[in-house]
Amino acid sequence: MPRIPDERPLNPKPEIVDALRRILPAASVLSTPAELGPYECDGLTAFAQRPLAVALPETIAQVQSVLKLCSDMAVPVVARGAGTGLSGGALPLADGVLLSLAKFNRLIDIDPDNRTARVEPGVRNLAISEAAAPHGLYYAPDPSSQIACTIGGNVAENSGGVHCLKYGLTVHNIVKLKLVTVDGELFEVGSEALDSPGLDLLALMTGSEGMLAVIVEVTVKLLPQPERAQALLAAFDSVETAGAAVAQIIAAGIVPAGLEMMDNPAIRAAEDFVHAGYPVDAAAILICELDGFNAEVSTEVMRVRELLLAAGASDVRTARDDAERMIFWKGRKAAFPAVGRISPDYYCMDGTIPRKELPTVLSRVAELSSQYGLRVANVFHAGDGNLHPLVLYDANIPGELERAEELGGDILTLCVEVGGTVTGEHGVGVEKLNQMCVQFNSEELTQMHAVKAAFDPHGLLNPGKAVPTLHRCAEFGAMHVHHGELKFPELPRF
Ligand SMILES: Cc1cc2nc3c(=O)[nH]c(=O)nc-3n(C[C@H](O)[C@H](O)[C@H](O)COP(=O)(O)OP(=O)(O)OC[C@H]3O[C@@H](n4cnc5c(N)ncnc54)[C@H](O)[C@@H]3O)c2cc1C
């Protein structure tokens, strides 16, 4: 397994561990190799690094003390939720403390009148909807990892999911955050009012990948459960036709609750795994969910069925009941682990493109797959234009990981070329740093470093993630050099 080289001088481990043990209970500080092993990577398992120590605080006061201590001793800190991230955001540093929020797992309060819930950051995404269900409410953003991932991780990555097409990303579904600064100060952003004065720091914190502050409480919006949800499953003879159908549904003024696509390798893998009754000979399927009031859903189901057939679907099935609707989704939700069964390793990409570019980009991805000699399975949030090509490879074959990374890089560059972005919902972490150099110019990256420095002047919070240094971009060859000069800001090295 590749290890991330860390060139910084290592911090004196015993002193830091002793200092942590003075402020936390003994069981909340892990430091032996066996204890550190489970924390050495997140969902991007191609990269691994054991931290110097793991701190597992239980109270906000303990988080404040850990951050103050690390600040005073100049020790870097990486926050971690459930470690399901797919871009290496929670990858530890050899000389740093991994700050796990796993013990922050209490649902503090559900307020059905205001339709909000106040929760600790280590609460699992799905647990919020389960707790809200007796009130007829739920939390809309639903990453496929929702059974395991935490709301703190969702906020830090601005996570999406099947239902984000209609109901928005994490940033649209939270109202307030409590955070702790790098030097241990507690502060709040956002409010329960519709709008709040000043700069929108709530939006700034959302998607900041643990680089600006540590989230210790989240107030989320809850929505009323829809009266009815209905799903359709459409089969297509070509991936491009399925891609074009997506744009046609949205162009017709319909906003489905979810509109997802799987290509043939993903269909076969999911079918073998969960037996959802998918048409295994189809080149692609679309799963479209409509929700709302009964009459409204009936009308939209008929309309979408017509649109799918007119767009070239060879077969359209409407779920007979809620049980069949859940079966349609079961295959989609299990698609990543299902693909894990057909290849020793896979590399999950995450880029976003304008919907109308889906046919072009999907056929170009197929060409790149043949060019690199690596299979690619596509399963993604088609309605959002959020692609997840899964590049299949075998890490035991020398050079395959590097080829998979290069192919993934080409796919992300393609996303930028057609007017899209290098991430839709999985964040940048360590994985997409080079592609950030393609997406942004030196002025834009300089502004991002300035924001980081305003919150974290010594670069101790999750250093080396999310925003590349200008040196790195120059080395990668994607930074524009004007008049032979690259402008480097006078900022600390992150
Ligand atoms: C099978 C599978 C399916 C997935 N499907 C989706 C999907 O549909 N949509 C989607 O968006 N993502 C998806 N993901 C990715 C992942 O689940 C999300 O990014 C999720 O939000 C990560 O949450 P986590 O608790 O695991 O965070 P972690 O992986 O532990 O951390 C993620 C980032 O957040 C930071 N962080 C965590 N907690 C805090 C905190 N309290 N304060 C400050 N920073 C913090 C970390 O430092 C890191 O940078 C999937 C992952 C898997 C394995």
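Computed from a prediction, not measured in an experiment: that's the story for all the values here.

**Q** Before we move on, can you summarise the site of the ligand with the specific residues and values?
**A** Around the ligand there are 36 residues in total, and Gly81, Gly85, Gly89, Gly153 and Gly210 lie nearest to it. Of all the elements in the fold, those that place two or more residues in the shell around the ligand are strand E3 (77-80), helix H5 (151-157) and strand E10 (214-221). At five residues, the largest contribution of residues to the shell around the ligand is made by H5. Residue-level mapping places the shell around the ligand at the junction of two domains, with at least three residues from each of domain 1 (13-100) and domain 2 (107-224).

**Q** Would you mind going over the environment of proline 463 in detail, with residue names and values included?
**A** Within the fold, proline 463 resides in the loop between helix H16 (442-455) and helix H17 (470-476). For the pair formed by proline 463 and glutamate 260, sequence separation is 203 residues and the distance between their alpha carbons is 35 Å.

**Q** Can you explain the sheet that holds strand E18 (residues 376-380)? Please cite residues and give values.
**A** The seven strands lie next to each other as E15-E12-E14-E13-E18-E20-E16, forming an open sheet whose pairing is antiparallel. Whereas interior strands pair on both sides, the edge strands pair on one side only; in this sheet they are strand E15 (315-318) and strand E16 (345-348). Each adjacent strand pair in this sheet contributes to an overall mean axis angle of 20°, direction not counted. The sheet contact formed by strand E12 (residues 228-236) and E15 spans four bridges and is antiparallel. Within E15, the position partnered with alanine 234 by the bridge is valine 316. Here helix H11 (residues 322-333) sits on the sheet and contacts E12, strand E13 (258-263), strand E14 (284-292) and E18; the angle it forms with E12, its principal contact strand, is near 55°.

**Q** Requested: an account of the environment of threonine 59, with residues and values cited.
**A** Tracing the backbone through its elements, the reader meets threonine 59 in the loop between strand E2 (53-55) and helix H3 (60-73). For threonine 59, a count of 12 C-beta atoms within 10 Å translates into the label exposed. In sequence terms threonine 59 and alanine 245 are 186 residues apart; their C-alpha atoms lie 50 Å from each other.

**Q** Pulling in residues and values, what's your account of the domain arrangement of the protein?
**A** As assigned here, the protein comprises domain 1 (13-100), domain 2 (107-224), domain 3 (228-337), domain 4 (344-417) and domain 5 (442-494). Put simply, the middle of domain 2 and the middle of domain 3, counted by C-alpha atoms, are 29 Å apart. Across the boundary between the two partners, domain 2 contributes five residues, which contact eight residues of domain 3. Class assignment for the residues of the side of domain 2 that touches domain 3 results in two nonpolar, two polar and one charged.

**Q** Let's hear about the nonpolar core: which residues, and what values?
**A** If you look at the biggest cluster of nonpolar residues, it comprises 138 residues, and the most contacted ones within it are Val77, Val214, Ile285, Leu286 and Val391. Dropping the residues within four chain positions of it, valine 77 is found in contact with Leu67, Cys70, Gly96, Val97, Leu99, Leu460 and Leu461.

**Q** Residues and numbers for the sheet that holds E3, please.
**A** Sheet architecture is open: four strands sit in the order E1-E2-E4-E3, paired in mixed fashion. The outermost strands of the open sheet, each flanked by one partner alone, are strand E1 (29-30) and E3. Pairing analysis gives two bridges linking E1 to E2, with the strands arranged antiparallel. Note on E2: the bridge partner recorded for valine 29 is alanine 55. Sheet contacts for helix H1 (residues 13-23): E1 and E2; angle to E2, the most-contacted strand, approximately 15°.

**Q** Explain unusual backbone geometry to me, and be specific about the residues and the numbers.
**A** Most peptide bonds are trans, and most residues other than glycine sit at a negative phi. In this structure, asparagine 158 takes a positive phi of about 50° despite not being glycine. By the element assignment, asparagine 158 lies in the loop between H5 and helix H6 (164-167). On the basis of neighbour count, asparagine 158 is assigned to the buried category, with 23 C-beta atoms found within 10 Å. Of note, the phi angle at asparagine 462 is positive, near 45°, even though the residue is not glycine. Within the secondary structure, asparagine 462 sits in the loop between H16 and H17.

What counts, and where the lines are drawn
- Residues numbered from 1 in each chain as written.
- Predicted model: local features only at pLDDT ≥ 70, side-chain atom pairs only at ≥ 80, totals over all residues.
- Near = placed C-beta within 6 Å.
- Helix = DSSP H or I, 4+ residues; strand = E, 2+ residues; numbered from the N terminus.
- Domains from an automatic or database assignment.
- Pairing = 2+ DSSP bridges.
- Axes fitted to C-alpha atoms, helices over the stretch in contact; angles between N-to-C directions.
- Contact = placed C-beta atoms within 7 Å.
- Buried ≥ 20, exposed ≤ 12 C-beta atoms within 10 Å, placed from the backbone.
- Nonpolar A, V, L, I, M, F, W, Y, C, P; charged D, E, K, R; others polar.
- Core = buried A, V, L, I, M, F, W, Y, C linked by C-beta atoms within 7 Å.

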